[in-house]
Amino acid sequence: MDGFLNNLATGFGVALSPENLGFCFVGVLMGTVIGVLPGIGPVATIALLLPVTFSLDPASALIMLAGIYYGAQYGGSAAAILLKIPGEAGSVVTALDGHPLALQGRAGEALAIAAIGSFIAGTIGTLLIAVAAPPLAKVAQAFGPAEYASLILFGLVLAVSMASGSRTRAVAMAALGVALGLAGTDVFSGAQRFTFGIPELADGFGFAPLAMGLFGLAEMAYALDRKRRGERVGGDVRRASLTRRALGKAMPAILRGTGVGAILGVLPGGGAILSSLASYALEKRVSRTPEAFGHGAMEGVAGPESANNAGAQTSFIPMMTLGVPTNAVMALMIGAMMIQGIQPGPLVLDTRPELFWGMVASMWIGNLLLLVINLPLIGIWVRLLDVKPRYLFPAVALFMAIGAYAIENSWFDVVLTAFFGVLGYVLLKLRFELSTLVLGFVLGPMLEENFRRALIIAKGDMATFVERPLSLSFIVLGIAVLALPVIFRMMRQRAPIQS
Amino acid sequence: MTDNAAPAARHVLVRFIRSADGAGAILLFLIAAFIALAAHDLPLGRMRRPGPAILPAVLACVLALSALRLSLKALLTPNPVAIEAPHSLSFLMLLPAFLAFALMADVAGLALSSLVLLLVAGTAVPGANASAKRAWRFGLYAVLLSAFCVLLFAELLGLPIAILPEGW
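Residues numbered from 1 in each chain as written. Chains lettered and ligands numbered in written order. Predicted model: local features only at pLDDT ≥ 70, side-chain atom pairs only at ≥ 80, totals over all residues. Heavy atoms only, no water.

Overview of the environment of Leu-247 of chain A
Residue and element names in this part refer to chain A. The cut-off we apply is this: For the purposes of this entry, the term helix denotes a DSSP run of H or I that reaches at least four residues, the term strand denotes a run of E that reaches at least two, and both are numbered from the N terminus. We call two residues contacting when some pair of their heavy atoms lies within 4.5 Å.
Tracing the chain through its elements places Leu-247 in helix α10 (residues 244-266). Residues Leu-247 and Glu-109, spaced 138 residues apart in sequence, show a C-alpha to C-alpha distance of 9.3 Å. Once you skip the residues sitting within four places of it in the chain, Leu-247 turns out to touch Ile-113, Ile-116 and Leu-242.

Here's what the structure looks like:
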């Protein structure tokens, strides 16, 4: 208990320094401002704002990025409720009941519930991280290359099986992501792989150009090529308003959503969309008026929004303790850490405690700031929805170009961003999902390095992956994830014959 | 019989290429072939010491198999989902905007390259220059935003970027 309190005290000591408090505030504010813009979700927002953190020290940069993440998530929810334009997959669920509520003139209430639900979920999620991360990091220190290789493979399998849309497409995107991640100098042999004689590619494709190209430029081009307009809401949305009775009524949904999100967020491939969907399904099931869902049920906003945030919070646990990202946002956070020269993993907790605990504390502060900023400022966010695309898109393009150039003062990174923008646009047009690609990009090199190292240690004996209990358990879990849907399908097909 | 077979085959081919699954399969086949080709001169190694070509070879196979599965889906589905036609092609101007910035940043500095990017990217939004008034307004906006970016990135955040062309 003492250790727990000491750790939190260390964290709050770092996060409450005037400088870091300022970065957290700016992060939350910028995240909300960008996230509320139609069609720009948390992943794109973080990718766009990544360059702003380059010149900061690692703790401040991560605190700011976490703030950007929460801000972007809330901003995305606001766009989903007010305009029915979800910036990310997770907000699609929020729009189902949030937008009908807004059309009934209850936008302020829905936005307030979203903010309060997110705060409560964030608080519980932060406590869970503080409790669960240290023991998990201790376990992770016992991991060898075989365990890591199996864990990463399991993560990829889960990411593919939980991806929205076709599995074949998700497998292909994961494979393409891994392939892109392999470019550069091979760490074992020194051979140049996929570098095509270009010296700038000796260290592989940069993460920032890839993220900005795929999520910034490509998404922007995709948005420009489609004519998509949301339906504006009626009623007063200048400020969020909520009665105590309405909050009391939504509280069970908030707590249920927090529980669902906290569990699903830890799973690789889980995160926002799965948490929101599972929470929405749960709320509909336990509701006495399930027919109200889809027509403006407050529980349909409270549950998924809390689940979304709790999942966002607990997805930091595997990222910080194992160095394994569970979703695209965590992949971006790992990329940001690597840009800052930090190798995420179990050692961070021992070697850089101020970084880990500072970030944990700043998560809670970030959630509190979200509440403080968003409740009174909702009118301003609503007005941001009116920014004309002819002003917005060129500005976003400029931020991306400067960000790409600033990484190493290199024009090549700007060209790479444009290349990934073209690739991303083509893939989006062909209905591929880009999140799985980014996960593959981050996990691929880790998978290869650990797989090859494990084989070298075991003198080429593949049995090493099944002889080690932890490694075997990840492989069994992976096979179960792949096999279960097939088994269920076969059982469903057999059932009518037996009856 | 042969006279009818040719148009029918052409119809199937066109439908295949225009479907998201068919075109996706072609793209994946091309990427798989590219990976296999780019990694063909790398050593595969042995189980005791796996080489740098092992994973690329596996990935090329995975991509080719995914492509095969998508191809079958495109061919066997009666009405495959077609690729959505773009509403406007003006978004293509984002590419020259980026390339202009890349070419100019080193020699012309942040202020000028930002301005050029904004002016070119401004044409990417349909109807952005529908009237002279709109164009003037956007020009003024581009100048102000370029100045803001110089202030934010070069002055406040201290990123080591030249602001003006060398010698100015």
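Considerations on the interface of chain B and chain A
What counts here: The term buried area denotes the loss of accessible surface (1.4 Å probe radius) that occurs when two parts are joined, taken as the sum for both partners. Within this document, salt bridges are pairs made up of a side-chain nitrogen of Lys or Arg and a carboxyl oxygen of Asp or Glu, the two lying within 4 Å of each other. Here a polar contact is recorded for every N or O atom pair within 3.5 Å, except that within protein the pair must consist of a potential hydrogen donor and a potential acceptor, and residues adjacent in sequence are included only if both atoms are side-chain atoms.
Tallying the contact residues gives 64 residues for chain B and 65 residues for chain A. Between chain B and chain A the total buried area reaches about 5800 Å² when both faces are included, carbon and sulfur atoms providing 78% of it. When residues of chain B are sorted by the area they lose upon contact with chain A, Met-47, Phe-91 and Phe-98 of chain B head the list and together hold 11% of the total. Seen at the junction of chain B and chain A, the total is one salt bridge. Between Arg-169 of chain A and Asp-21 of chain B there is a salt bridge, with its nearest N and O atoms 2.4 Å apart. The interface formed by chain B and chain A holds seven residue pairs in polar contact (both at pLDDT 80 or more) in total.

Points about the confidence of the model for chain B
In low-pLDDT regions, the fine details of the predicted coordinates are not to be read closely. Heads up, the condition is: The quantity known as pLDDT measures the predictor's confidence residue by residue, on a range of 0 to 100.
Confidence in the prediction of chain B, expressed as mean pLDDT, is 87, and 97% of residues score 70 or more. Least confident of the elements in chain B is helix α1 (residues 2-18) of chain B, whose mean pLDDT is 79; most confident is helix α2 (residues 20-38) of chain B, at 95.

Side note on a positive patch on the surface
Rules: Like charges within 9 Å and nonpolar side chains (Val, Leu, Ile, Met, Phe, Trp, Tyr) within 5 Å are joined into patches, using only residues over 30% in relative accessible area that form no salt bridge. Exposure was quantified through the Shrake-Rupley algorithm and a 1.4 Å probe, taking into account, for residues, occlusion by the shown protein chains and nothing else. Here the positive residues are Lys and Arg and the negative ones are Asp and Glu; neither His nor the chain ends is included. All charge positions are set by atom: Lys at NZ, Arg at CZ, Asp at CG, Glu at CD. Buried, partly exposed and exposed residues are distinguished by accessible area as a fraction of the type maximum, computed with a 1.4 Å probe on protein chains only: under 20%, between the cut-offs, and over 50%, respectively.
Taken together, the side chains of Arg-167, Arg-489 and Arg-492 of chain A together with Arg-69 of chain B present a region of like positive charge at the surface. Here Arg-167 of chain A shows up in helix α8 (residues 167-181). Take Arg-167 of chain A: its relative accessible area is 33%, and that puts it in the partly exposed class.

Section: the pattern of salt bridges
Residues and elements named next belong to chain A. Scanning the model with the defined rule gives 10 salt bridges over all chains in all. Between Glu-354 and Arg-352 there is a salt bridge whose closest N-O contact spans 3.0 Å. By relative accessible area, which is 28% here, Glu-354 ends up partly exposed. Note that Glu-449 is salt-bridged to Arg-453, the shortest N-O span being 3.0 Å. Here Glu-449 and its partner Arg-453 are both found in helix α19 (residues 434-457), four residues apart, which amounts to about one turn of the helix. Note on Arg-453: relative accessible area 35%, which makes it partly exposed. Several salt bridges converge on common partners, so that one network encompasses Asp-186, Arg-193, Glu-448 and Arg-452.

So, unusual backbone geometry
The phi dihedral of Phe-196 of chain A falls on the positive side, at around 50°, and the residue is not glycine. Topologically, Phe-196 of chain A is positioned in the loop between β2 (192-193) and α9 (207-225).

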